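Reading the structure
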Amino acid sequence: MMPVCRYVARLSYHLYQWELQQPNVGEESLTDFLLWQISQLPFVKYRKFSKREEGQQTGADWEWWFVDRYHALGLRVQAKRLRQNGKENFRLLAHKTRHGYQIEMLINSSKKKNLLPFYVFYWPGTMKVRCRLNRGREEGAFLTTAFDICYSPVRMCDFLRGNARQKEQASLNSGDLLSISNPLSCLFCCPAVEARLYTPTTALFEFIRMYWPIIDDYRENPDQPLGLHERPPRYIQVLLDSERIPDWFDSEYQRIIDAKAVLVYDMREW
Ligand SMILES: [Zn+2]
């Protein structure tokens, strides 16, 4: 686990430098770089889809799966580049398409597919985060759940129900958003502490539940922890089984996945 931790911390440090030196770098470039770099790890499968206009309902940036011999854990991720200005952050997060508010679509589509709805924030970070190991001083990517943003403690979705004037006034400063987040490296560096008690996917799941306990409040079924699956869906199994991703993968699964990319972290040999 440790080499991966160092690899991801270093990658996040590159994002940090990029964001500091080029304040206008776009979130798509940052996401492409992040996912491409993670996909260079030997046990990761990555597929970025072509842009498609039609049928894309939720616009999630990627589905992120972690698979071991016992379970599969699935996340649905939306990435946002945070700004200095809190009102601008609110506008970014309150993004609306003709299908509705993006954050609510992320939550609804995630629950429907039994996935955990997550945000990745790009921010050259030196702010307080939840991680007890105090990571994240020089990282450029942070994670939190859509539940923490929409409901408690940020309660952004209350503002979405407000009138035009309330929405105009609404502000989310980066410090508040980072305070409910953890640096990306935390996902690869922190759960290992207790890994021996769990399988790799459940260690990750317990780590997520420890830092974002709100995920238990929004599961559909009390016996079914949101995001955990007995086995991965068919399209993830196809990625895991293939040395080279087959040509028909996109036409078969892009519509079902309904995200711009899919990333699979294969821990079956661990
Ligand atoms: Zn941590």
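Note: the structure precedes this text.
In this report, the structure presented in the accompanying data block is examined.

The rules behind each value
Residues numbered from 1 in each chain as written. Predicted model: local features only at pLDDT ≥ 70, side-chain atom pairs only at ≥ 80, totals over all residues. Helix = DSSP H or I, 4+ residues; strand = E, 2+ residues; numbered from the N terminus. Rg over C-alpha atoms; globule rule 2.2 N^0.38 Å. Buried ≥ 20, exposed ≤ 12 C-beta atoms within 10 Å, placed from the backbone. Contact = placed C-beta atoms within 7 Å. Pairing = 2+ DSSP bridges. Core = buried A, V, L, I, M, F, W, Y, C linked by C-beta atoms within 7 Å. Expected span 1.5 Å × (residues − 1).

Quick word on the overall build of the protein
A count of helical and extended segments in the protein gives twelve helices and ten strands. Over its C-alpha atoms the protein spans a radius of gyration of 18 Å, differing by no more than 12% from the 18 Å that the globule rule assigns to 270 residues. Oriented by its inertia axes, the alpha-carbon framework of the protein measures out at about 55 × 40 × 40 Å. Of all 270 residues assigned to the protein, the portion counted as buried reaches 41%. Sequence separation of at least 24 residues holds for 77% of the intrachain contacts in the protein that already meet a minimum separation of 6.

Thoughts on the pairing of strand 7 (residues 139-145)
Across the seven residues that make up strand 7, a large majority, seven, are buried. Pairing of strand 6 (residues 116-125) with strand 7 involves six bridges; the strand directions are antiparallel. If you follow Y122 over to strand 7, its bridge partner there is A141.

Details of the nonpolar core
Core analysis: the biggest nonpolar cluster contains 71 residues, and W62, V120, F142 and A146 have the highest contact counts within it. Those residues within four positions of A146 in sequence are excluded, and the remaining contacts are I103, L106, I107, P117, F118 and Y119.

Focus: helix 10 (residues 200-211)
When the terminal C-alpha atoms of helix 10 are compared, their 17 Å separation across twelve residues agrees well with the 16 Å that a helix rising 1.5 Å per residue should span. Those residues of helix 10 that fall on the buried side of the exposure criterion are P200, T201, A203, L204, F205, F207, I208 and Y211.

Regarding unusual backbone geometry
Here the residue pair S152 and P153 is connected by a cis peptide bond, since its omega of 0 degrees sits within 30 degrees of zero. Within the secondary structure, P153 is located in the loop between helix 5 (146-150) and helix 6 (156-160). A positive phi angle, close to 60 degrees, is found at R155, a residue other than glycine. With respect to the helices and strands, R155 occurs in the loop between helix 5 and helix 6. What makes R155 exposed here is the crowd of 12 C-beta atoms within 10 Å. For D258, which is not glycine, the phi dihedral falls at a positive 50 degrees. Assignment of secondary structure puts D258 in the loop between helix 12 (249-257) and strand 10 (261-266). On the basis of neighbour count, D258 is assigned to the buried category, with 20 C-beta atoms found within 10 Å.

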